[in-house]
Amino acid sequence: MDEPGGEESPGGGGDVEARAEAESEPPSLLLPLAADEEPCAPKKARLDLGEGEQESQENEVPVEDDVQTLTQLGAAKSDSAGNVEVKGEEEVEHHNGAPEQGHVPEEESSKEQDPEGSDDRTGVPQHVDLDFSQNPQMLTGSWAEFSSFPENYLKGCKWAPDGSCLLTNSADNVLRVFNLPPELYTSSWELIPEMSPVLRMAEGDTIYDYCWYPHMSSLDPDTCFLASSSRDNPVHVWDAFYGEVRASFRPYNHLDELTAAHSLCFSPDGTQLYCGFDKMVRVFHTERPGRDCEERPTIVKKQGVGGIISCLAFSPTRDLYACGSYSRGLAVYCCQDGAPVALLPTRHRGGLTHLLFSPDGNYLYTGGRKDPEILCWDLREPGKVLFSLQRNVATNQRIYYDLDPSGQYLLSGDTEGLVSVWDTHCTPCGDTEQLQPPHLTFQAHWDCTNGVSVHPFLPLLATSSGQRQFSWPSDSECDSDTDVGGHPERRQENCVCVWWSRPSGTAAEGSSTRSPGPETA
């Protein structure tokens, strides 16, 4: 049976409970440095980027205009955050440079932008719209990193809020951080090597969920952290600069036993961490680690969302958050007191695994396990499904999807390795719910594409692949490619890839016929 973090559901439908761990970890506060205190030195990569380098012909070269566009955007980003500086023969720092004295906070600096939308004063590049007039082209990826452990399939990938690095989760219970390749800021795109992680953060058991701090910025090491939850462990806050546990949040049940959160999500302002449990959401304050939390039952007087809260999402424009459960429940709550605002009808065939609000907060996209539909709910008319997006989800695995910053394109993988792109602005007319056809579909991987993440400001996509393989009974006399029943052996591909999603002349034309993975001898 698959884990609730993406593959197996817990037995009995209840929380996974364990003995409380020895409280040997001092609760270090997540507060900014004092004015007279020096910031931490930057973390250097622990791996040599030369290992596992792929042949240069694997990466197509974009046309000159595309290189200039990305170089200009990247220059502003790398100059301000110093995130991708290359030293010597190629020792890469994870987050180069400490914050400058007198640095203006992001909230204040955003107010200084000119009325025409230029971000030159802040050094933050503007977002480049994605273009899906043709298939995206693969730039680089990581294959060797996930081949040393048997069946080390991935469980999703997420770009950092500032776009400086990529976070992955895999079956070996290790969170890995990959830097954005520095070659993307130059014209030498044909020399991009295979990516290697600069940080590895190992959890003790199956990772249920993980998320970035929403205001993470490589300008300030104190904001570079993420949270993760694993079976029989407290919620850990990891330092994304050094790969160490910075703090922990320890939820306990009514028997005073440590219980694990099945879903995590920071509030939009980053001051609170919401954790999903069985018919319960616990709210921790980010600056106060430990066991103190606010408990918010999701079902009161037999009304609400029952079962394990498997996914959480916050509205970007309203003081609301949505909860989905493995029991197919879905509801919207108020952030201030957790009061239910709207209880949405049960429409999914399987338990919900992912929720996503549109940038304007008017729509909520929901997807479930063993459920071929992504439903778009119009929150201006609670209970109304605007349209449905069809994908192939044949397992209990959590299949992520993502929206581009404009909210126009929604991207999702499926269990066949395809990535589908839907134009959400082309909504069906009338009041009748309709099936929305994809705008574009391309083969990203040969195995299940379980993760899709859109870069915050560059026209880049990240995809992750892999799934648990169940082999058929085999016979030694049969051919190696088939079993006794004639079932073909499934092709495994456990990797993460980065894609360029703008036209690039002849390079993009060849991408549709190229193998999505590295060539093997």
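Here the residue numbers are simple positions, counted from 1 along each chain's written sequence. Under the rules for a predicted model, residues below a pLDDT of 70 receive no local features and side-chain atom pairs below 80 are neither given nor counted, while totals for whole chains, interfaces and linings still include all residues. Derived side-chain values reflect all non-hydrogen atoms in the structure, with water molecules and hydrogen atoms excluded from consideration.

(A) Quick peek at the overall build of the protein. Helix and strand assignments follow DSSP, with helices taken as H or I runs no shorter than four residues and strands as E runs no shorter than two, numbered in order from the N terminus. Check the secondary structure of the protein and you find three helices and 35 strands. Taken across its 521 residues, the protein has 56% of its residues classed as buried. In this description, contact between two residues means that some pair of their heavy atoms is separated by no more than 4.5 Å. Of the contacts formed within the protein by residues at least 6 apart in sequence, a portion of 61% connects residues at least 24 apart. Relative accessible area decides the class of each residue, using a 1.4 Å probe on protein chains only: under 20% of the type maximum gives buried, over 50% gives exposed, and in between gives partly exposed.

(B) Local environment of the pattern of salt bridges. A side-chain nitrogen of Lys or Arg and a carboxyl oxygen of Asp or Glu constitute a salt bridge if their distance falls within 4 Å. For the structure shown, the criterion picks out 11 salt bridges. R246 is the salt-bridge partner of D239, the closest N and O atoms lying 3.1 Å from each other. The pair formed by D239 and R246 is uniform in burial state, with each residue classed as buried. Salt bridges linked by common partners bring E145, D172, R176 and R200 together as one network.

(C) Spatial organisation of the sheet that holds strand β35 (residues 496-500). The strand order β4-β35-β34-β33 describes an open sheet built from four strands, whose pairing is antiparallel. The strands lining the two open edges of the sheet, one partner per strand, are β4 (137-142) and β33 (449-454). This sheet shows a mean twist of 25° between the axes of neighbouring strands, independent of strand direction. Bridge analysis of β33 against strand β34 (residues 460-465) gives five bridges, and the strand direction is antiparallel. Counted as the bridge partner of G451 is S464 from β34. Between any two strands, at least two bridges found by DSSP are needed for them to pair. Every angle, taken between N-to-C directions, lies between 0 and 180 degrees, and every axis is a line fitted to C-alpha atoms, over only the stretch in contact when it is a helix.

(D) Seen up close, the confidence of the model for the protein. Per-chain confidence: the protein averages 76 in pLDDT, with 67% of residues scoring 70 or above. In the model, residues 475-488 has pLDDT below 50 throughout and makes 14 contacts with residues more than four positions away in sequence or in other chains. Long-range and interchain partners of residues 505-521, a stretch whose pLDDT sits below 50, account for 33 contacts in this model, where long-range means more than four residues apart. Values of pLDDT, the confidence the predictor places in each residue, fall between 0 and 100.

(E) Representation of the state of the cysteines in the model. Cysteine sulfurs are considered disulfide-paired once they come within 2.5 Å of each other. Under the criterion given, the structure shown has zero disulfides. Sulfur of C157: no disulfide; nearest cysteine sulfur belongs to C497 and is 9.5 Å away. Here C211 stays free of any disulfide, with the sulfur of C265 as its closest cysteine sulfur at 6.1 Å. By relative accessible area, which is 9% here, C211 ends up buried.

(F) Broad picture of the side chain of D404. By the element assignment, D404 lies in the loop between β28 (401-403) and β29 (409-413). No salt bridge is formed by the buried D404; the nearest opposite charge belongs to R502, separated by 10 Å. Two N or O atoms form a polar contact when they lie within 3.5 Å of each other; inside protein one atom must be a possible hydrogen donor and the other a possible acceptor, and for residues adjacent in sequence the pair counts only when both atoms belong to side chains. Looking at D404, its side chain comes within polar contact range of the main-chain nitrogen of Q408, at 3.0 Å. A polar contact is formed between the side chain of D404 and the backbone nitrogen of Y409, at a distance of 2.8 Å. Each residue touching D404, except ones within four places of it in the same chain, is listed here: L130, P359, Y409 and V454. Only four residue types enter the charge count: Lys and Arg as positive, Asp and Glu as negative, with His and the chain ends excluded.

(G) Expanded view of the packing of aromatic side chains. The criterion for an aromatic pair is that two Phe, Tyr or Trp rings (for Trp, the six-membered ring) have centres within 6.5 Å, with stacked assigned to planes under 30 degrees apart, edge-to-face to planes over 60 apart and tilted to the rest. Inspection of the entire model under this criterion finds 13 aromatic pairs. Ring centres of F146 and F178 lie 6.3 Å apart, and the angle between their planes is 40°; on these two criteria the pair is classed as tilted. Within this pair, whereas F146 is found in the loop between β4 and β5 (154-159), its partner F178 is found in strand β7 (residues 174-179), the two being separated by 32 residues in sequence. You can call F146 buried: its relative accessible area is 2%. According to the relative accessible area criterion, F178 is buried, its value standing at 0%. A network of ring pairs unites the aromatic residues Y274, F314, Y321 and Y333 as a single cluster. When the ring centre of Y210 is taken as reference, the NZ or CZ atom of K158 above it lies at 4.3 Å. Any Lys NZ or Arg CZ that is within 6 Å of a ring centre and within 35 degrees of that ring's normal is treated as a charge sitting over the ring.

(H) Structural view of the sheet that holds strand β22 (residues 330-334). An order of β20-β21-β22-β23 is seen for the four strands of this open sheet, with the pairing classed as antiparallel. Pairing within the sheet leaves two strands with one partner each, and these edge strands are β20 (309-314) and β23 (340-344). Between one strand axis and the next, the sheet turns through 20° on average, direction left out of account. The pairing of strand β21 (residues 320-325) with β22 spans five bridges and is classified as antiparallel. Looking at β22, one finds that L320 is bridged to C334.

(I) Spotlight on unusual backbone geometry. In this model, D256 sits at a positive phi of 60°, which is unusual for a non-glycine residue. Tracing the backbone through its elements, the reader meets D256 in the loop between β12 (245-249) and β13 (258-259). Non-glycine residue K301 carries a positive phi angle of around 55°. Residue position: K301 is located in the loop between β18 (299-300) and β19 (303-304).

(J) Local environment of the nonpolar core. Among buried residues, the Ala, Val, Leu, Ile, Met, Phe, Trp, Tyr and Cys ones that are joined through side-chain atoms within 4.5 Å form a nonpolar core. Counting 20 residues, the largest nonpolar core has L139, W159, L166, L180, L184, L460 and V496 as the members making the most contacts within it. Of all the secondary-structure elements, those providing two or more residues to this core are β5, β34 and β35. The contact partners of L460, leaving out residues within four places of it in the chain, are L130, L139, W159, L180, L184, S453, V454, H455, V498, W499, W500 and S501. Counting 18 residues, the second largest nonpolar core, distinct from the first, contains M201, I207, W238 and Y400.

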